[in-house]
Amino acid sequence: IRALARGSYGRVFLARKGDDYFAIKVIKKTGVRLTLDADLAPIEEKILNLTDCDYVVKLYYTFQTERSQFLVMEYL
């Protein structure tokens, strides 16, 4: 629907499917590969997958293309 935030390695977009809203974090692989933070994206994904807490957003899906990795999370 619209962009919510922009950071060093990507952007977060608001998306809707039916009546449900999601935040989609798009991480550019090229930007992450060139820095020491290259390991942070998989670590973030693992933490969100393992965490079941009301204070941390839920991760629903992940997928990737040749250029980007996508994290589909709950929108609060």
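Residues numbered from 1 in each chain as written. Predicted model: local features only at pLDDT ≥ 70, side-chain atom pairs only at ≥ 80, totals over all residues. Heavy atoms only, no water.

1. So, the packing of aromatic side chains
Thinking step 1. Here the structure, examined in full by the defined rule, presents two aromatic pairs.
Thinking step 2. With a centroid separation of 5.6 Å and an interplanar angle of 90°, the aromatic rings of Phe22 and Tyr60 are classed as edge-to-face. Of this pair, Phe22 sits in strand β3 (residues 20-28) while Tyr60 sits in strand β4 (residues 59-64), and the two are 38 residues apart along the sequence.
Thinking step 3. A relative accessible area of 42% means that Tyr60 is categorised as partly exposed.
Thinking step 4. Ring plane angle 10° and centroid distance 4.6 Å describe the contact between Phe63 and Phe70, whose orientation is recorded as stacked. (Phe/Tyr/Trp six-rings, centres within 6.5 Å; stacked < 30°, edge-to-face > 60°. Helix = DSSP H or I, 4+ residues; strand = E, 2+ residues; numbered from the N terminus. Buried < 20%, exposed > 50% of the residue type's maximum accessible area, 1.4 Å probe, protein only.)

2. Structural notes on the nonpolar core
Thinking step 1. Formed by Ala15, Phe22, Ile24, Val26, Phe70 and Val72, the largest nonpolar core amounts to six residues.
Thinking step 2. Of all elements in the fold, only β3 and β5 (68-74) reach the threshold of two or more residues within this core.
Thinking step 3. Here this core takes three residues from β3, the largest share from any one element.
Thinking step 4. When sequence neighbours within four positions are dropped, the list of residues in contact with Phe70 reads Ile24, Lys25, Val26, Tyr61, Thr62, Phe63, Gln64 and Thr65. (Core = buried A, V, L, I, M, F, W, Y, C linked by side-chain atoms within 4.5 Å. Contact = heavy atoms within 4.5 Å.)

Coordinates in, geometry out; function isn't part of it.
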